[in-house]
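Listed below, chain by chain, are the residues.
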Protein chains: 2
Amino acid sequence: MEKSRLRNAIINTMERNAALVIKNANIVNVFTEEIIFGDVAIRDGLILGIGKYSGKEEIDAEGAFLCPGFIDSHVHIESSMAHPARFADCILAQGTTAIIADSHEIANVCGTDGIQYMLDQTEWLPLSVFFMIPSCVPCTGFETSGAKIVAKDMEQFLSHPRVIGLGEVMDYNAVVTGEGEMLDKLEMFKDRPIDGHIPSLFGDALKAYCAAGPDTDHECITFDEVKEKLFHGMRVFLRYGSACRGVEDIMSLIAKHNIPTRRLQLCTDDKHMEHINSEGHINYIVRRAVANGIPAIKAIQMATINAAEHYGLKRYGGIAPGYRADLVLFDNLTDFNAKLVLTNGIVFKPAEERKLKPDPKIYNSVHIAPRKPDCLKQKVEGPTPIIELMPKELYTFLRHEEVPTENGFFKPNSQLLKLAVFERHHASGRIGLGILRGLEINNGAIASTVGHDSHNLVVAGDNDSDMLCAIDALEECGGGYAVVSGGKVLARLPLPIAGLMSDAPLNKILEGQRKLLSALASIGSWGESDPFITLSFLALPVIPEVRLTDMGVFDVKQMKIISDS
Amino acid sequence: MEKSRLRNAIINTMERNAALVIKNANIVNVFTEEIIFGDVAIRDGLILGIGKYSGKEEIDAEGAFLCPGFIDSHVHIESSMAHPARFADCILAQGTTAIIADSHEIANVCGTDGIQYMLDQTEWLPLSVFFMIPSCVPCTGFETSGAKIVAKDMEQFLSHPRVIGLGEVMDYNAVVTGEGEMLDKLEMFKDRPIDGHIPSLFGDALKAYCAAGPDTDHECITFDEVKEKLFHGMRVFLRYGSACRGVEDIMSLIAKHNIPTRRLQLCTDDKHMEHINSEGHINYIVRRAVANGIPAIKAIQMATINAAEHYGLKRYGGIAPGYRADLVLFDNLTDFNAKLVLTNGIVFKPAEERKLKPDPKIYNSVHIAPRKPDCLKQKVEGPTPIIELMPKELYTFLRHEEVPTENGFFKPNSQLLKLAVFERHHASGRIGLGILRGLEINNGAIASTVGHDSHNLVVAGDNDSDMLCAIDALEECGGGYAVVSGGKVLARLPLPIAGLMSDAPLNKILEGQRKLLSALASIGSWGESDPFITLSFLALPVIPEVRLTDMGVFDVKQMKIISDS
């Protein structure tokens, strides 16, 4: 805030010169944990105060509940599949007015160009977008990413006003063994927030990881894990994205055991546009927290002041004089349906549609070597590693079983699918092959160039020809999602921005998503989960117990490739 | 922490290589608000973890309570009267291991040289000393200080690793009127913590002050004031120093009304060495908070994690892996008598005595113009302004009354004293005269070169000759405190460092203090309060309702001199 703006803020507050007043609201005060009936005065994007006010423009809240705008403590915009400007419109409509973004996905495809692209594309949005610099590109050495980022590459971003800290440190093995390149990054960010990422890490390894500097975790899958991480000084983010839907049990245990909530925050991590649109964003997590017994004021604090305090966002996360006028009005504190959203003091309306200009550094990112028809054939003998999905979570179990074969090669069926990861950045021709249980596909295949975190092409199916057809379809359109059956592309959603995001308007993406879902319904049954999200995490070698990368089946606990192709 | 130290921290944590273990402690976890029985392992100044440990050296806590070292959120080291190294020894013994210091006092005498002196003298202490850069030197234009500090002067300190933010913004009038020089300072520190100082500011002025950026206050004298400041987003510090002893009522109301405590912190602000030594420091405030009904864990949080979080002190304020091993062991959670203190992993012992080298820039700071014998004569007629002390607080009431006279001049008595402020930096000869009710002096005078915040010489007495004698005594020794009766100096404590601090060892200062107290007892009765502290605040023109500066009697609410000399 430059000097004249500061002077105006002071004088307008002193003299009650409101430009806009939200009248007759039940105002949620996250500092004192009270709800007070009154007005909130606003001018020049700032809150002048809570009290009795009149202003040039007035909005009668009619007793609705006015909260500070919600903050997503950890999100990959790329996972929404939308360009940041369209993602912003989508989450602003739900009452999320600030996010801590980690450009980890695009960085794995495009390197620092990808990070700069996300900074540039979020510069003028009504959404406040802060960034953590991705720490693990690639996230391990057991996969092939599009780019590698070392500590020296990060220096250029350190002084950017919206760069806050170091993004989720996924390679916990590098951390707890004191690997030099990792230490450089941790040292560079030692006085800033550092996000952690440690599913199922306990005991001395957890303590060593904490000692290294990361101070948050969003990967807890049990209540005991939440408790242990809080105990050792971490902040824990309750995550509720498109996958990872088991957090409700944790919420109800937090409520039941009256766990102090000040070190809890909320995040979506990875959530598709159509899920945001249909059920909500951070407001959905708050709704579920309240439904599971957490007091509304505590849940709102997790979504506001807890995040603002942790990330050092002065003037965010509360309703008070001098705070940014990011506000959201809810009819009640159970549903959290946003009926009015203000950002920077302005009533939010989705932007008029505009055409985005393709950036050659970021578009055209899919480079796959030519495929031979038998490239998916997988010789097996005796007990073979199987990747088994844990329902509702990203966690997987590693099984070893005899599998059906034909001429010594694995013969997939609708319950036991063939899974493949194609290196898609450097056209190296590298292909990882595996066997998957937990998704059901009948006579078809699904494929995605979103494949955390190296974003190689991941494809699953019950027959080779549909799988190959799906790969062709994605190569042709610069990446995206495809559903194939009987040699025919039933649906395809192109994601030309780094093979991760669409440059189409929101309704086009949603339409594309609907077509995908309808095509999916014709080849399998999916319950609550989105098989594309499941697919996109099957190549992520930092979530236990087992993954498939372009280098082969990877045992996450042993940290080694156990079957290469 | 440089890279090799970080690697060692990780590996030692992973491999449980403890150098020192505190065994069998009841460990206070400020993150989870639990008390857990166990061991704490330490090495290289860092905590490796809580658990079951053995180490090269072991200390059996025998079930005593292990807390993170306490943090004083706002303190003027100068007000202890001791050199920072001796002050450190004194508060470390009480379990305070980190402080947020504001060198406001010495800066008012010596300018930026004084700030640099304090940074230099605290560089190698076992106490962690962080600094706020004084914002108001002088604190108003209605007094004469030794130096003036503008925003440009502050630039040199911005990159110092122990400089955190902007010190208490006392000139609230400059703030709420948007005065340019003040805005420069607020703008310079807009992304950092800014401490406030706003006794009895409410309503729109309070809101305008908040909008300007200060985010804490430590001047509340009523529970309603605490509530209002919290409501508008400020953090409130419960202060318990040598003066300002009315905070206990506030504590009991906080407990009674179950006010959320996460935005409360503790500070001493101004506390003399002998009070620290006799009753304690932050541990004393925690003790009183608990005695007044605040749960021990909440009081401990106020003294630890709440402060660390607010001031962005990573790895301070909690017991967890990678945290600084600043720890204190208490026999119980009611008395909070420190039985063992660790700082940076080392058991604290007071330093061996060493001679301090006088710094010519900082010593020899008392420069008063020659006095005529009648310089204290004060002509009065009709109702005259009287400065009346509020019991237990620094607050004063402005009265207008007829006063006793002799030949048209005010004639003091033991209940209605003469008060004078002598400009002592530039030998200008400027003297402010006033009348004081609330201290009792019989046949004597007391004088001090500690006179917040310009630190002119303040003297009070019931006769002119003792007052003049006291001034002579302080001029001679380079400043300090003096008690005079019947033309004789009964006791004198020299404070040659800027006229504010002693360079003598702790026991010498305490002995000097005892002599002062005993001399004081012979000329008046003082109840619980220390009249030198009362005296030292009588010239501070930012605490309502009325003060005396070298320019005359100052009405704080009207912001004007109402009677010059």
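First things first, this report covers the structure right here in the doc. A quick note: this is a predicted structure, and the numbers were derived from the prediction, not measured.

## Description of the overall build of chain A
Stage number 1. For chain A, the helix and strand inventory stands at 17 helices and 29 strands.
Stage number 2. For 565 residues, the compact-globule formula gives about 24 Å, and the C-alpha radius of gyration of chain A, at 24 Å, lands near that figure.
Stage number 3. Seen through its principal axes, chain A has C-alpha atoms that stretch 85 × 50 × 45 Å.
Stage number 4. The proportion of buried residues among the 565 residues of chain A is 67%.
Stage number 5. Partitioning the intrachain contacts of chain A with sequence separation of at least 6 by distance along the chain shows that 70% fall at a separation of at least 24.
Stage number 6. Averaging the coordinates of the 56 positive side-chain charges in chain A and doing the same for the 73 negative ones gives two points 4 Å apart.

## A few points about the sheet that holds strand 27 (residues 546-549) of chain B
Residues and elements named next belong to chain B.
Stage number 1. What the 3 strands build is an open sheet, ordered 27-28-29; its pairing is antiparallel. The two strands at the open ends of the sheet, each matched to only one other strand, are strand 27 and strand 29 (560-563). Adjacent strand axes in the sheet meet at a mean angle of 40° when their direction is disregarded.
Stage number 2. Sheet analysis places strand 28 (residues 552-555) next to strand 29, joined by 3 bridges and oriented antiparallel. What sits directly across from V553, in strand 29, is S563.

## Here we look at the pairing of strand 28 of chain B
It is a general feature of regular strands that their side chains alternate between the two faces of the sheet.
Residue and element names in this part refer to chain B.
Stage number 1. Alignment of strand 27 against strand 28, held across 4 bridges, turns out to be antiparallel. Bridge assignment links R547 to a residue of strand 28, and that residue is F554.
Stage number 2. Connecting strand 27 to the next strand, strand 28, in antiparallel fashion are 2 residues.
Stage number 3. In this structure, the hairpin formed by strand 28 and strand 29 is closed by a connection of 4 residues, where M559 is found at a positive phi of approximately 55°.

## Some points on the packing of helix 1 (residues 3-15) of chain A against helix 8 (residues 203-211) of chain B
Stage number 1. Between helix 1 of chain A and helix 8 of chain B, the shortest axis-to-axis distance is 8 Å and the interhelical angle comes to 165°. Classed by the angle they form, the pair helix 1 of chain A and helix 8 of chain B counts as roughly antiparallel. Two packed elements cross with a definite hand, and for helix 1 of chain A against helix 8 of chain B that hand is right-handed. Packed against helix 1 of chain A, whose contacting residues are L6, A9, I10, T13 and M14 of chain A, the element helix 8 of chain B presents D204, A205, K207, A208 and A211 of chain B at the interface.
Stage number 2. Class assignment of the residues belonging to the contact of helix 1 of chain A with helix 8 of chain B gives a composition of 7 nonpolar, 1 polar and 2 charged.

## A look at the relation of the copies chain A and chain B
Stage number 1. Mapping chain A onto chain B calls for a rotation angle of 180° and an axial translation of 0.0 Å; the resulting RMSD is 0.1 Å. Expressed as an axis order, the relation between the two copies is that of a two-fold axis.
Stage number 2. Residue by residue, 100% of the interface of chain A is reproduced at the interface of chain B, so both copies engage with the same surface.

## Let's talk about the environment of N507 of chain A
Stage number 1. One can find N507 of chain A in helix 16 (residues 506-523).
Stage number 2. Once the C-alpha coordinates of N507 of chain A and M273 of chain A are considered, the two residues, 234 residues apart in sequence, prove to be 10.0 Å apart.

## Overview of the interface of chain A and chain B
Stage number 1. At the interface, 64 residues of chain A touch 64 residues of chain B.
Stage number 2. Both faces combined, the contact of chain A with chain B buries some 5,200 Å², and carbon together with sulfur accounts for 55% of it.
Stage number 3. Looking only at chain A, the three residues that lose the most surface to chain B are F231, R262 and K314 of chain A, adding up to 16% of its buried area.
Stage number 4. Inspection of the region where chain A meets chain B yields 12 salt bridges.
Stage number 5. For the salt bridge of R235 of chain B with E309 of chain A, the shortest nitrogen-to-oxygen distance reads 3.1 Å.
Stage number 6. Our count for the chain A to chain B interface comes out at 26 residue pairs in polar contact (both at pLDDT 80 or more).
Stage number 7. Looking at the side of chain A that touches chain B, the elements with two or more residues in it are helix 1, strand 2 (34-43), strand 3 (46-51), helix 6 (172-176), helix 7 (180-188), helix 8 (203-211), helix 9 (223-231) and helix 14 (305-310) of chain A.
Stage number 8. No other element matches helix 1 of chain A, which puts 8 residues into the side of chain A that touches chain B.
Stage number 9. In the side of chain A that touches chain B, the residues fall into 30 nonpolar, 14 polar and 20 charged.

## Re the packing of helix 7 of chain A against helix 1 (residues 3-15) of chain B
Stage number 1. Where helix 7 of chain A contacts helix 1 of chain B, the axes come no closer than 10 Å and their chain directions differ by 110°. Regarding the angle of helix 7 of chain A to helix 1 of chain B, the classification is roughly perpendicular. Contact residues: G180, L183, D184, L186 and E187 of chain A in helix 7 of chain A; K3, L6, R7 and I10 of chain B in helix 1 of chain B.
Stage number 2. Grouping the constituent residues of the contact of helix 7 of chain A with helix 1 of chain B by class yields 4 nonpolar, 1 polar and 4 charged.

## Topic: the packing of aromatic side chains
Stage number 1. According to the stated counting rule, one finds 20 aromatic pairs over all chains in the structure shown.
Stage number 2. Between F31 of chain A and Y323 of chain A, the aromatic rings sit 5.6 Å apart at their centres with planes inclined by 70°, giving edge-to-face as the arrangement. Of the two residues, F31 of chain A is situated in the loop between strand 1 (20-29) and strand 2 and Y323 of chain A in the loop between helix 14 and strand 14 (327-330); the sequence distance between them amounts to 292 residues.
Stage number 3. Classification of F31 of chain A by relative accessible area gives buried; the value is 3%.
Stage number 4. Classification of Y323 of chain A by relative accessible area gives buried; the value is 12%.
Stage number 5. Arranged with centres 6.4 Å apart and planes meeting at 45°, the rings of F70 of chain B and F336 of chain B form a pair that is tilted. With F70 of chain B in strand 6 (residues 70-75) and F336 of chain B in the loop between strand 14 (327-330) and strand 15 (338-343), the pair connects residues that are 266 residues apart, well separated along the chain.
Stage number 6. In this structure F70 of chain B comes out as buried when scored by relative accessible area, which is 0%.

## Regarding the pattern of salt bridges
Stage number 1. With the rule as written, the count across this model stands at 60 salt bridges over all chains.
Stage number 2. The residue R262 of chain A makes a salt bridge to E309 of chain B at a minimum N-O spacing of 3.2 Å. One end of the pair, R262 of chain A, is in the loop between helix 10 (247-256) and strand 13 (264-267); the other, E309 of chain B, is in helix 14 (residues 305-310), on a second chain. No difference in accessibility class separates R262 of chain A from E309 of chain B, as the two residues are buried.
Stage number 3. With a closest N to O distance of 2.7 Å, R239 of chain B and E219 of chain B form a salt bridge. Of this pair, R239 of chain B sits in strand 12 (residues 235-239) while E219 of chain B sits in the loop between strand 11 (216-217) and helix 9 (223-231), and the two are 20 residues apart along the sequence. In terms of burial, R239 of chain B and E219 of chain B fall into one category: buried.
Stage number 4. Three or more residues are tied together by salt bridges with common partners; here these are R235, R262 and R263 of chain A together with E309 of chain B.

## Here we look at helix 8 of chain A
Stage number 1. Counting buried positions along helix 8 of chain A gives 7 out of 9 residues, so the element sits mostly inside the fold.
Stage number 2. Taken together, the buried positions of helix 8 of chain A are occupied by A205, L206, K207, A208, Y209, C210 and A211 of chain A.
Stage number 3. Among the structural elements, strand 9 (163-169), helix 6, strand 10 (194-196) and helix 9 of chain A together with helix 1 and strand 3 (46-51) of chain B are those in contact with the buried residues of helix 8 of chain A.

## Overview of unusual backbone geometry
Stage number 1. For the peptide bond that leads from P544 of chain A to E545 of chain A, omega is -5°, which places it in the cis range.
Stage number 2. Turning to its location among the elements, E545 of chain A is positioned in the loop between helix 17 (531-537) and strand 27 (546-549).
Stage number 3. Residue V137 of chain B is joined to P138 of chain B through a cis peptide bond whose omega torsion reads 0°.
Stage number 4. With respect to the element layout, P138 of chain B can be found in the loop between strand 8 (128-133) and helix 5 (151-154).
Stage number 5. Backbone geometry at S200 of chain B places phi at a positive 55°, although glycine is not the residue there.
Stage number 6. By the element assignment, S200 of chain B lies in the loop between strand 10 (194-196) and helix 8.
Stage number 7. Classification of S200 of chain B as partly exposed rests on a relative accessible area of 26%.

## Brief notes about the environment of H232 of chain A
Stage number 1. Looking at the element boundaries, H232 of chain A is found in the loop between helix 9 and strand 12 (235-239).
Stage number 2. Residues H232 of chain A and G203 of chain A, 29 residues apart in the sequence, show an inter-C-alpha distance of 9.9 Å.
Stage number 3. When neighbours within four sequence positions are excluded, H232 of chain A is seen to be in contact with L206, K207 and C210 of chain A together with I50, A320 and P321 of chain B.

## Topic: the pairing of strand 3 of chain A
Stage number 1. Within strand 3 of chain A, 5 of the 6 residues are buried, which leaves the element mostly enclosed by the surrounding structure.
Stage number 2. Counting the residues that bridge the hairpin from strand 2 of chain A to strand 3 of chain A gives 2 residues, and of these D44 of chain A lies at a positive phi of roughly 50°.

## Notes on the side chain of N456 of chain B
Residues and elements named next belong to chain B.
Stage number 1. Within the element layout of this structure, N456 appears in the loop between strand 23 (445-448) and strand 24 (457-461).
Stage number 2. With a relative accessible area of 3%, N456 lands in the buried category.
Stage number 3. A polar contact of 3.0 Å, which involves the side chain of N456, links it to the backbone nitrogen of R424.

Rules used throughout
Residues numbered from 1 in each chain as written. Chains lettered and ligands numbered in written order. Predicted model: local features only at pLDDT ≥ 70, side-chain atom pairs only at ≥ 80, totals over all residues. Heavy atoms only, no water. Helix = DSSP H or I, 4+ residues; strand = E, 2+ residues; numbered from the N terminus. Rg over C-alpha atoms; globule rule 2.2 N^0.38 Å. Buried < 20%, exposed > 50% of the residue type's maximum accessible area, 1.4 Å probe, protein only. Contact = heavy atoms within 4.5 Å. Lys, Arg positive; Asp, Glu negative; His and termini not counted. Charge placed at Lys NZ, Arg CZ, Asp CG, Glu CD. Pairing = 2+ DSSP bridges. Axes fitted to C-alpha atoms, helices over the stretch in contact; angles between N-to-C directions. Parallel < 35°, antiparallel > 145°, perpendicular 65-115°, else oblique. Left-handed = near helix turned anticlockwise from the far one by under 90°. Nonpolar A, V, L, I, M, F, W, Y, C, P; charged D, E, K, R; others polar. Least-squares fit on C-alpha atoms with pLDDT ≥ 70 in both. Buried area = accessible area lost by both parts, 1.4 Å probe. Salt bridge = Lys/Arg side-chain N within 4 Å of Asp/Glu carboxyl O. Polar contact = N/O pair within 3.5 Å; in protein donor to acceptor, adjacent residues only side chain to side chain. Phe/Tyr/Trp six-rings, centres within 6.5 Å; stacked < 30°, edge-to-face > 60°.

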